[in-house]
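A structural walkthrough
What follows is the residue order along each chain.
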Amino acid sequence: MFFLDFGSLWVLAYLLVGRLQVIPSIAEKVALAFAWALGLKSLVIYALVILGLTGSLWVPLAVSLGALVVAVVFRCRPSSHSITQTHPEDKTPFLILMTILILGILFCFSLACAFYFPITEADGIWYHIRGMVFLQEAGFDSETVVSQFRQYPPFMSLLFACLMSFGVDPVKIIFPFIYLCLLVIFYCRILAVTESHKIAGGFTLILGTTPYVWWHSFLPFLDLTTGFYYSIGALYWFALIQTILSAKQDKETSNPSTWAFLSGTLFGLAAWSRLEFLLYNAIPVLLLIYVLDRNDTFNKKQKNKILLCLAVPSLIFSTLWFLTLAGFDSPVEKRVLAVGLAGMGMWLLVLANLKWNFHLHKTRLIGIGVLAVVGYLALMLTGGPQSVSLGKAFSITLIRSISVHAFYSCTLFLGIFLLFEKFKNRSEPEKLLGWFLLFYPLVHFLIFSYSEPKWTDLSTYIEVLLIHPGHSINLSDTRGMLAFYPILIFFISGLPLIRRSFRNA
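1. Re the overall build of the chain
Across its full length, the chain carries 24 helices and zero strands. Here the C-alpha atoms of the chain give a radius of gyration of 22 Å, agreeing with the 23 Å that 2.2 N^0.38 yields for 505 residues. Each of the three principal axes of the chain carries a C-alpha extent, and together these read 60 × 60 × 50 Å. The burial tally for the chain puts 53% of its 505 residues in the buried class. Across the chain, every contact between residues at least 6 apart in sequence was considered, and the portion connecting residues at least 24 apart equals 82%. Of the roughly 22,500 Å² of accessible surface on the chain, a fraction of 69% belongs to carbon and sulfur atoms. Charge-centre separation for the chain: the mean point of 35 positive side chains lies 10 Å from the mean point of 26 negative side chains.

Below, the structure written as structure tokens:
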């Protein structure tokens, strides 16, 4: 029955992806449909919890089948514009077979670990308990769950609840498939940009064999799911920027609103999994505002449509959760409240930009930067960590921000290729993706400098980094970089040096 239920949503999501008419690869559409199906299923279970209808298996099954029937009956005709097909410059069956073989073995190991090993991690146990509470109590503000986990977004626990409702015991089975979908979409995105099987296969192999990424393919945490949605959203955001900047030459076939909706939905689902990713979502929204402000191909109405297609799905999932939190009897934690206020500010910024053009010239950007720094310092002084001074908080966070990359050292070495290419010689979309990568660690630093540190002594962090790295391997800031490295690897794969090297290989 579970396969009928989820399979119906998967087919529905595949039909919806097909309606977008921007993705030619069947494998990519199947993987993206799986990601959307998880999001749709979480929303169905969320609604059932709100309505108190989680006790019956037939209700979610009826919803899934009903949605599929409606989609088939009222299906829309495909849009008239054609999908651009890639024409790869090389045929390298050996490399592709090796990539499939190695990553296939890793995927099978992930499945085995997810199936045979029970949940033993503290966070995973609470997500599991929370899913059982959703089924038994049909509510979100249950005192059975401790306050910290009760205020987390419900995405993963809703999926656990769905699996348990159908008697599927190894709830960790979701994560190997998320890992697989990440690799499939990542491969297809690189292939679409570079038109090289060698580059796509080689860099997908690098991502899939990154030890920290593979390790999380069977751990019951939120972070692989969050990293998957956010990084893939960033790759589609890059396609959106490419489409906007090339619209003058190809205005007939450009479809930026579709790319914006696609990437925005994935950004939104990332925040539906980890709430602080609402703050990371400010990066693509602000950069899009910057790009649209400098674009004279589209009129104001078209620009507003593109911005709304990205911003609304990026913000709506977390906004839905904040509305849910407003009905809780327990007080909202300081960190959650701060994220909520930032989300409100993002809504106001988007709405203001719909009415007025900001004209973000250099002087105004500098002014906005100064105001942002002053505002953040004021926030740190009034609501920042209480256990350490402001200077020590920044020092500790700086050490943490550097040390987290040690756990990705097998992949970080690729950064050396960045030294051989001048940033100013990159195309405009690539430059903007580079700025995206620069802003991500900055937001990461701001988030974790605001949070209470695990240890209040700076020397302890240095000792942990050099002598006891296992103490911090699964801290939230380390896991938060799972969303960063797929984007970094994608960026490096497009370097001219890389293309020349693979072409001559």
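2. Considerations on the pattern of salt bridges
All chains considered together, the criterion is met by twelve salt bridges. For arginine 150, the salt bridge is made with aspartate 141, and the minimal N-O distance between the two is 3.0 Å. For the salt bridge of arginine 426 with glutamate 430, the shortest nitrogen-to-oxygen distance reads 3.1 Å. Take arginine 426: its relative accessible area is 6%, and that puts it in the buried class. For glutamate 430, a relative accessible area of 14% corresponds to the buried category. Overlapping salt bridges bring together Asp123, Asp223, Arg274, Glu276 and Arg479 as one network.

3. Looking at the environment of phenylalanine 322
Structurally, phenylalanine 322 can be placed in helix H15 (residues 300-325). Spatially, the C-alpha atom of phenylalanine 322 lies 29 Å from that of serine 217, the residues being 105 residues apart in sequence.

4. Regarding the side chain of histidine 216
Tracing the backbone shows histidine 216 in the loop between helix H10 (211-215) and helix H11 (223-245). Within the local environment of histidine 216, its side chain forms a polar contact with the side chain of asparagine 474, the two groups lying 3.5 Å apart. Residues contacting histidine 216, with those up to four places away along its chain left out, are Phe175, Phe221, Leu224, Asn474, Arg479 and Leu482.

5. Quick look at the nonpolar core
Considering soluble globular proteins, one finds that nonpolar side chains tend to be buried as a cluster. Core analysis: the biggest nonpolar cluster contains 143 residues, and Tyr230, Trp237, Leu288 and Phe436 have the highest contact counts within it. Discounting residues that sit within four places of it in the chain, phenylalanine 436 has contacts with Tyr230, Ala234, Trp237, Phe267, Ile283, Pro284, Leu287 and Ile487. Met380, Ile396, Trp455 and Val464 belong to the second-largest nonpolar core, a separate cluster that totals eleven residues.

6. Some details on the side chain of glutamate 430
Here glutamate 430 shows up in helix H20 (residues 428-450). Ignoring anything within four residues of it in the chain, the contact list for glutamate 430 reads Phe238, Phe491, Gly494 and Arg499.

7. Some remarks on empty space enclosed by the protein
Evaluated as defined, the whole model comprises four cavities of 30 Å³ or more. Considering only enclosed or pocket space, the largest cavity measures out at about 100 Å³ in volume. Lining the largest cavity are Ile289, Leu292, Asp293, Lys300, Lys303, Asn304, Leu307, Asn353, Asn357 and Phe358. Those elements giving two or more residues to the lining of the largest cavity turn out to be helix H14 (282-293) and H15. Among the elements that take part in the lining of the largest cavity, H15 stands out by supplying four residues, more than any other. Along the lines of polarity and charge, the residues of the lining of the largest cavity split into four nonpolar, three polar and three charged.

8. Quick look at the packing of aromatic side chains
Aromatic ring pairs: the centre-centre distance and the angle between the two ring planes describe each pair. Within the structure shown, the criterion is met by 41 aromatic pairs. Residues phenylalanine 140 and tryptophan 321 carry aromatic rings whose centres are separated by 5.5 Å and whose planes lie at 80° to one another, so their mutual orientation is edge-to-face. Placement of phenylalanine 140 in the loop between helix H5 (122-137) and helix H6 (147-150) and of tryptophan 321 in helix H15 is noted, with a sequence separation of 181 residues between them. Here the two residues phenylalanine 140 and tryptophan 321 agree in accessibility, since each one is buried. Where tyrosine 280 meets tyrosine 440, the ring centres are 4.5 Å apart and the plane angle is 25°; that geometry is what we call stacked. With tyrosine 280 in helix H13 (residues 277-280) and tyrosine 440 in helix H20, this pair connects stretches of sequence that are 160 residues apart. One exposure class covers both tyrosine 280 and tyrosine 440, and it is buried. One cation-aromatic arrangement involves arginine 426 over phenylalanine 491; the distance from NZ or CZ to the ring centre is 4.9 Å. The residue whose ring lies beneath arginine 479 is phenylalanine 221, and the NZ or CZ to ring-centre distance is 4.9 Å.

9. Some details on unusual backbone geometry
A positive phi is found at glutamine 21, a non-glycine position, where the angle reads about 60°. As for its position among the elements, glutamine 21 is in the loop between helix H1 (2-20) and helix H2 (26-51). Backbone geometry at glutamate 195 places phi at a positive 55°, although glycine is not the residue there. The residue glutamate 195 is located in the loop between helix H8 (174-194) and helix H9 (197-208) in this model. Accessibility expressed as a relative area gives 33% for glutamate 195, which makes it partly exposed.

Calculation notes
- Residues numbered from 1 in each chain as written.
- Predicted model: local features only at pLDDT ≥ 70, side-chain atom pairs only at ≥ 80, totals over all residues.
- Heavy atoms only, no water.
- Helix = DSSP H or I, 4+ residues; strand = E, 2+ residues; numbered from the N terminus.
- Rg over C-alpha atoms; globule rule 2.2 N^0.38 Å.
- Buried < 20%, exposed > 50% of the residue type's maximum accessible area, 1.4 Å probe, protein only.
- Contact = heavy atoms within 4.5 Å.
- Areas by Shrake-Rupley, 256 points an atom, 1.4 Å probe, with all protein chains shown as cover.
- Lys, Arg positive; Asp, Glu negative; His and termini not counted.
- Charge placed at Lys NZ, Arg CZ, Asp CG, Glu CD.
- Salt bridge = Lys/Arg side-chain N within 4 Å of Asp/Glu carboxyl O.
- Polar contact = N/O pair within 3.5 Å; in protein donor to acceptor, adjacent residues only side chain to side chain.
- Core = buried A, V, L, I, M, F, W, Y, C linked by side-chain atoms within 4.5 Å.
- 1 Å grid on protein atoms, 1.4 Å probe; cavity = no way out; pocket = protein on both sides within 12 Å on 5 of 7 lines; lining within 4 Å.
- Points joined across faces, edges and corners; volume = space filled by probe spheres on them.
- Nonpolar A, V, L, I, M, F, W, Y, C, P; charged D, E, K, R; others polar.
- Phe/Tyr/Trp six-rings, centres within 6.5 Å; stacked < 30°, edge-to-face > 60°.
- Lys NZ or Arg CZ within 6 Å of the ring centre and 35° of its normal.

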